[in-house]
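# Descriptive analysis of the structure
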Amino acid sequence: MPKFFQYLNRDQEEELSRIANQIVSDGKGILAADEDSDSMGRRFTPLGIDNTEETRRLYRQMLVNTDKEIGKYLGGVILTPETFWQNDDNGVPLRRVLADKGVLPGINVDLGTVTLAGEQCDVTTQGLDGLDKKCSVYKKAGACFAKWMCKLTIVEHGPSTLALKENANVLARYASICQQNGIVPIVEPAVLPDGSHDLETCQKVTEQVWSFVYKALMDHHIYLEGTLLKPNMITAGQSCTKTYTPEQVGEATLASVQHCVPVAVPGVAFLSGGQSELQSTINLNAINCAKGRKPWALTFCYGRGLQGSVFETWAGKAENTKAAQDKFLSLSKANSEASRGKFKQS
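A short tour of the structure in this document, coming up. (Residues numbered from 1 in each chain as written. Predicted model: local features only at pLDDT ≥ 70, side-chain atom pairs only at ≥ 80, totals over all residues. Heavy atoms only, no water.)

### Focus on the state of the cysteines
Tallying each qualifying case throughout the model produces 0 disulfides. The structure places no disulfide on Cys240, whose sulfur is separated from the nearest cysteine sulfur, that of Cys202, by 10 Å. On the basis of relative accessibility, which here comes to 19%, the residue Cys240 falls in the buried class. In this structure Cys301 is a free cysteine whose sulfur lies 14 Å from that of Cys178, the closest cysteine sulfur available. Judged by relative accessible area, which is 1%, Cys301 ranks as buried. (Disulfide = S-S within 2.5 Å. Buried < 20%, exposed > 50% of the residue type's maximum accessible area, 1.4 Å probe, protein only.)

In structure tokens, the structure reads:
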């Protein structure tokens with residue numbers, strides 16, 4: 001008779017499940033405020049803002065100090081390691097300011113991508129070395145969840161089988177380490193929008209990616225009730241000449257989730273994937289309006305989709321803080337409505 005070793009005890013499972021469900025409860029989503037310094041530079045430079053540790057702190061302090069109403073629309077915020085350890089002007093850790101608003105702090109723990117040698121344009125994500133110790137430290141400091149992104153690109157003969165297997169296993173190892181430390185892993189297999197592929201090709205490839213990911217998660221004994229999925233929506237490549245309606249995007253995306261994502265997973269928090277603020281909101285709304293069973297929370301985990309115009313409104317000037325916070329609050333509310341299928345474009 002086979003023996004099965006205990007992966008997590010009951011208390012650990014209950015804590016992970018509680019956190020995962022809290023993040024995506026009641027129409028809430030996630031702010032991905034984990035842009036690295038180079039990405040922040042690309043946002044700041046056109047606005048004439050110096051890209052320094054202090055200006056990054058001031059910008060994220062502005063977001064974190066948005067009115068407590070933000071807790072109605074956000075269940076979590078993903079922070080960079082830099083921001084996770086920063087304080088506001090009063091000396092209060094930014095992660096604690098979030099928690100006091102009922103918004104759970106999370107942490108980006110991956111270290112970026114490296115090339116898979118011998119493949120056309122495939123990459124994998126590094127950062128597993130030392131991750132167990134890092135997660136232990138982050139958990140003690142108040143982190144409730146983590147994020148790790150793997151990137152896959154659609155090309156004529158790709159992503160390769162090697163890329164599918166390697167990235168799925170990397171995500172599963174990351175998820176296992178997180179759960180052993182009481183941290184909910186957000187699993188992000190991002191099929192990039194680069195290219196001229198059509199919507200149907202995106203759907204086929206994405207379903208293949210997700211199938212590899214969930215096979216790996218099961219192989220590594222991941223407690224699915226204590227995870228969240230952060231995937232791309234099913235959209236055509238950015239260079240595709242054919243236009244698709246939000247309804248087509250919504251129907252295709254829901255179908256793919258139904259095909260691949262176990263119902264044990266509490267929520268699917270989509271990335272905005274190069275879409276404009278408005279388009280990402282409209283498409284999220286269309287997903288939730290599509291006909292079919294939806295046993296998961298289908299919500300958002302947006303970076304650009306919640307911050308594009310906020311950067312421009314703030315522009316590095318203290319006098320613009322309130323206007324930028326109002327913009328951020330408005331975008332968060334709109335996407336919360338979209339996660340319920342109730343967004344109405346004004």
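### Description of the layout of surface pockets
Within this model, the largest pocket holds a volume of roughly 1200 Å³. In terms of lining residues, the largest pocket is bounded by 41 residues, among which Glu35, Ser39, Lys147, Met149 and Lys151 are the most central. Here the lining of the largest pocket gets 4 residues from one element, more than from any other, and that element is helix H2 (residues 37–44). Looking at the lining of the largest pocket, its residues break down into 13 nonpolar, 12 polar and 16 charged. There is about 350 Å³ of room inside the second largest pocket. Lining the second largest pocket are 17 residues, with Thr235, Ala236, Gly237, Gln279 and Asn283 positioned closest to its centre. Counting only elements with at least two residues in the lining of the second largest pocket, the list comes to helix H9 (246–260) and helix H10 (277–289). Partitioned by chemical class, the residues of the lining of the second largest pocket number 6 nonpolar, 10 polar and 1 charged. (1 Å grid on protein atoms, 1.4 Å probe; cavity = no way out; pocket = protein on both sides within 12 Å on 5 of 7 lines; lining within 4 Å. Points joined across faces, edges and corners; volume = space filled by probe spheres on them. Helix = DSSP H or I, 4+ residues; strand = E, 2+ residues; numbered from the N terminus. Nonpolar A, V, L, I, M, F, W, Y, C, P; charged D, E, K, R; others polar.)

### A short note on unusual backbone geometry
Residues Gly158 and Pro159 are joined by a peptide bond in cis, for which omega reads 10°. Tracing the backbone through its elements, the reader meets Pro159 in the loop between strand E6 (145–152) and helix H7 (161–180). For His221, which is not glycine, the phi dihedral falls at a positive 65°. Position of His221 among the secondary structure elements: in the loop between helix H8 (199–219) and strand E8 (228–229).

### Quick look at the pattern of salt bridges
Under the defined criterion, the tally for this structure stands at 11 salt bridges. With its nearest N and O atoms 2.9 Å apart, the salt bridge here joins Glu15 to Lys139. In this pair, Glu15 is assigned in helix H1 (residues 10–23) and Lys139 in helix H6 (residues 131–140), connecting sequence segments 124 residues apart. For Glu15, a relative accessible area of 28% puts it in the partly exposed group. A salt bridge links Asp34 to Lys147, with the shortest nitrogen-to-oxygen separation between them at 2.8 Å. Note that Asp34 is positioned in the loop between strand E1 (29–33) and H2 and Lys147 in strand E6, a separation of 113 residues in sequence. Lys147 matches Asp34 in its accessibility class, with the two residues each being buried. Members of the salt-bridge network, linked through shared partners, are Asp34, Lys147, Glu188 and Lys230. (Salt bridge = Lys/Arg side-chain N within 4 Å of Asp/Glu carboxyl O.)

### Considerations on the environment of Gly303
Relative to the assigned elements, Gly303 resides in the loop between strand E10 (297–302) and helix H11 (304–314). Remark: the alpha-carbon pair of Gly303 and Gly112, spanning 191 residues in sequence, is separated by 17 Å. Excluding its chain neighbours within four sequence positions, the residues that come into contact with Gly303 are Ala32, Glu35 and Ser272. (Contact = heavy atoms within 4.5 Å.)

### Remarks on empty space enclosed by the protein
Counting across every chain of the model gives 2 cavities of 30 Å³ or more. In this structure, the largest cavity is lined by 13 residues; those nearest its centre are Val191, Pro193, Asn232, Met233 and Thr235. Of the residues belonging to the lining of the largest cavity, the class tally is 7 nonpolar, 6 polar and no charged. Here the second largest cavity defines a volume of roughly 40 Å³. Around the second largest cavity sit Leu31, Leu63, Val64, Ile70, Leu74, Val77, Leu98 and Phe328, which together line it. Mapped by element, the contributors of at least two residues to the lining of the second largest cavity are helix H3 (53–64) and strand E2 (74–79). Its residues assigned to classes, the lining of the second largest cavity shows 8 nonpolar, no polar and no charged.

### A short note on the pairing of E1
Of all the 5 residues making up E1, 5 are buried; the element is thus mostly covered by neighbouring parts of the structure. Relative to E2, E1 runs parallel, the two being bridged by 5 bridges. From the neighbouring strand, Ala32 faces E2, where its bridge partner is Ile78. Bridge count between E1 and E10: 2 bridges; the pairing is parallel. The partner of Leu31 across the bridge, within E10, is Tyr302. (Pairing = 2+ DSSP bridges.)

### Things to note about the pairing of strand E3 (residues 104–108)
Counting buried positions along E3 gives 5 out of 5 residues, so the element sits mostly inside the fold. Burial along E3 is two-sided: the residues Leu104, Gly106 and Asn108 and Pro105 and Ile107 are all buried. Pairing analysis gives 4 bridges linking E2 to E3, with the strands arranged parallel. Directly across from Ile78, in E3, lies its bridge partner Gly106. Across 3 bridges, the pairing between E3 and E6 is parallel. The residue bridging Ile107 from the neighbouring strand is Ala146, located in E6.

Distances and angles like these do not, on their own, reveal function.
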